[in-house]
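Listed below, chain by chain, are the residues.
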Amino acid sequence: MSTFKNFARTVVAHPAAIRSPRSIAELAQVLEQAADLEQPVRTVGAGHSFTPLAATDGILLNLDGFQGIEEVDALTHEVTFRAGTRLWQIPALLKPFNLALENMGDIDKQSVAGAISTGTHGTGLRFSGFSGTVTGVQLLLADGTHLRANSQENTELFEASRLGLGALGVLTHVRLRCVPHYMMRAEEIIEPIGLIAESFVERAREEDHLEFFWFPGTGKAQVKINTRLDGQVPTEQPPAAARWLNDEVVSNGALQLLSSVSAALPKTTPALAKVACAALPESSRIAPWNEVFTSARRVRFTEMEYALPLANFDEAFARVRAYFKRSGTGVFFPVEVRTAAEDSTWLGTASGRQTAYIAVHRYIRDQGPGYFAAMEEIFRSLGGRPHWGKEHTLQAGELAQLYSKFSDFTRVRQAADPEGRFLNPYLRSLLGA
């Protein structure tokens, strides 16, 4: 029996078969066989979602056989990627064309299809998430039809597929708007949590990319400021030993150790958080865009992230801080705060509004009750939308109130896949299908 586990090991499924087609013809054959056997089909990339989006007892599709660049438009800088291409592969693929992605998150393990289908994003009020940069897709439907969708043809299917949760068909190609190659100045500074919390919105409007991390209950935060530079600016890196200390010891090794101790001895959590806060480094460097955006993340955790109207950030974060002060809840993993530009995607968490994201995390062995539920209550009360790939409890009725195009999406999904071939029980609860 085949087994699928997500990154956090919180989702386990036993598909009837895992298929890795390497051509459109092979993929169509898999879908035809699934239809004959009346089996559902789900597609998986890196399995980095914390929700059961990819879980199935039917056919699990792996698109690692669909990788690389199909086409580059030198005038528009639009690049067509095969949908299984992993984000970590993209810098090398774009280098011959002197191009770059507009923005990235700090994880680069996902596939292109997975990143757009779940609403993956980075930070910066002038830059959207991945879905907002999609200008076209190619999709294989349940009936074997392989078609193009963009702003001129199959327009509603295009709008739905820009963030489609894998519910409309199998993405085979994704066309992304790219930009000329650029360098980045990356600064990490330590600030009092009150200072960055009070100034975050104003500073986010001024900086290219601003985010911060805060260990709950401590008095300081690590603030990350990334500034875009011309692509010809030379690299400036700290000594290799300093980079290793930060990336491998502080960000992974020490975090793993302290997280394990906190989970085993919860009463030590406040003291451990202070130790971690004191160890946060300050640094400055200049490096290529992809090296600045991404970070190694090897400590396993679970995560909830909500997208809030930017205007509601101050109140939301004040309530988060008040929760820890009032409850005394010991949580070791940091809170992360980012932003994104408004976009027009139907199911995009930043659709129609400038957005602040607040992400809360738990070490995988930390089983203390109530934290995520309390955070979700705060975020929902302030108009928050949950990240599609991260933990939340919302279902179709509640989600329909958050997205003006929700009914359009479900209508297009029903037309594209009337038999629900690409659904699983979790998606049915999300979409009311």
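Refer to the structure presented above.
Residues numbered from 1 in each chain as written. Predicted model: local features only at pLDDT ≥ 70, side-chain atom pairs only at ≥ 80, totals over all residues. Heavy atoms only, no water.

Enquirer: Looking at this structure, I do not really get the overall build of the protein. What am I missing?
Expert: Looking only at helices and strands, the protein has 13 helices and 19 strands in total. Radius of gyration (C-alpha) of the protein: 21 Å, near the 22 Å computed for a compact globule of 433 residues. Oriented by its inertia axes, the alpha-carbon framework of the protein measures out at about 60 × 50 × 40 Å. Within the protein, the fraction of its 433 residues that count as buried is 58%. (Helix = DSSP H or I, 4+ residues; strand = E, 2+ residues; numbered from the N terminus. Rg over C-alpha atoms; globule rule 2.2 N^0.38 Å. Buried < 20%, exposed > 50% of the residue type's maximum accessible area, 1.4 Å probe, protein only.)

Enquirer: Please explain the pattern of salt bridges as it appears in this structure.
Expert: When the charged atoms of two side chains with opposite charge come close together, those side chains can pair. All chains considered together, the criterion is met by 22 salt bridges. The partner of lysine 109 in a salt bridge is aspartate 108, with the nearest N and O atoms 3.9 Å apart. For aspartate 108, a relative accessible area of 17% puts it in the buried group. Glutamate 303 serves as the salt-bridge partner of lysine 390, at 2.9 Å between the closest nitrogen and oxygen. With lysine 390 in the loop between strand S19 (385–386) and helix H11 (396–400) and glutamate 303 in strand S16 (residues 301–309), this residue pair connects regions lying 87 residues apart in the sequence. Take lysine 390 and glutamate 303: they sit in the same class, and that class is buried. (Salt bridge = Lys/Arg side-chain N within 4 Å of Asp/Glu carboxyl O.)

Enquirer: How should I be thinking about the packing of aromatic side chains in this particular structure?
Expert: To describe a pair of aromatic rings, you give the distance between the ring centres and the angle between the ring planes. As enumerated under the stated definition, the model contains 17 aromatic pairs in all. Between the aromatic rings of phenylalanine 7 and phenylalanine 50, the centroid separation amounts to 6.3 Å while the plane-to-plane angle is 85°, which identifies the pairing as edge-to-face. A residue pair is termed long-range when its members are at least 10 positions apart, and phenylalanine 7 in the loop between strand S1 (4–5) and strand S2 (12–13) and phenylalanine 50 in the loop between strand S4 (41–44) and strand S5 (59–62) qualify at 43 residues. Its relative accessible area of 13% is what places phenylalanine 7 among the buried residues. Residue phenylalanine 50 is classed as buried on the basis of its relative accessible area of 5%. Relative to tyrosine 371, the ring of tyrosine 323 has its centre 6.3 Å away and its plane inclined at 20°; by these criteria the two rings are stacked. Taken together, the positions of tyrosine 323 in helix H9 (residues 313–327) and tyrosine 371 in helix H10 (residues 371–381) put the pair 48 residues apart, joining distant regions of the chain. Look at tyrosine 371 and you get buried, because its relative accessible area is 0%. Taken together, the ring pairs in this structure connect Phe200, Phe212, Trp214, Phe313, Phe317, Tyr323, Phe324, Tyr371 and Phe372 into an aromatic cluster. (Phe/Tyr/Trp six-rings, centres within 6.5 Å; stacked < 30°, edge-to-face > 60°.)

Enquirer: Before we go on, may I ask you to explain helix H7 (residues 269–279) in this structure?
Expert: Burial in H7 covers these residues: Thr269, Leu272, Ala273, Ala276 and Cys277. In an axial view of H7, the angular spread of the buried residues amounts to 140°, which keeps them on one side of the axis. Summarising the geometry of H7, the exposed residues directed more than 90 degrees from the buried face are Lys274 and Ala278. (Arc of directions from axis to C-beta.)

Enquirer: It is not clear to me how the nonpolar core should be interpreted in this structure. Could you clarify?
Expert: Burial of nonpolar side chains together is a common tendency in soluble globular proteins. Phe212 and Phe317 are the most contacted members of the largest nonpolar core, which has 108 residues in total. Discounting chain neighbours no more than four positions away, the residues touching phenylalanine 212 are Ile193, Ile196, Phe200, Ala221, Gln222, Val223, Phe313, Phe317, Val335, Glu336 and Val337. Of all hydrophobic cores here, the second largest spans 15 residues; its members include Leu258, Ala273, Phe301 and Phe333. (Core = buried A, V, L, I, M, F, W, Y, C linked by side-chain atoms within 4.5 Å. Contact = heavy atoms within 4.5 Å.)

Enquirer: Whenever I open this one, the sheet that holds strand S3 (residues 17–19) confuses me. Can you help?
Expert: Adjacent strands of a sheet form backbone hydrogen bonds with each other and so pair up, either parallel or antiparallel. Ordered in space as S3-S5-S4, the 3 strands form an open sheet in which the pairing is parallel. In this open sheet, the two edge strands, each paired with only one partner strand, are S3 and S4. Mean inter-strand twist for the sheet, computed between neighbouring axes without regard to direction, equals 25°. Across 3 bridges, the pairing between S3 and S5 is parallel. Among the inter-strand pairings, isoleucine 18 is bridged to a residue of S5, identified as leucine 60. Lying over the sheet, helix H1 (residues 24–36) contacts S3, S4 and S5, oriented at roughly 170° with respect to S5. (Pairing = 2+ DSSP bridges. Axes fitted to C-alpha atoms, helices over the stretch in contact; angles between N-to-C directions.)

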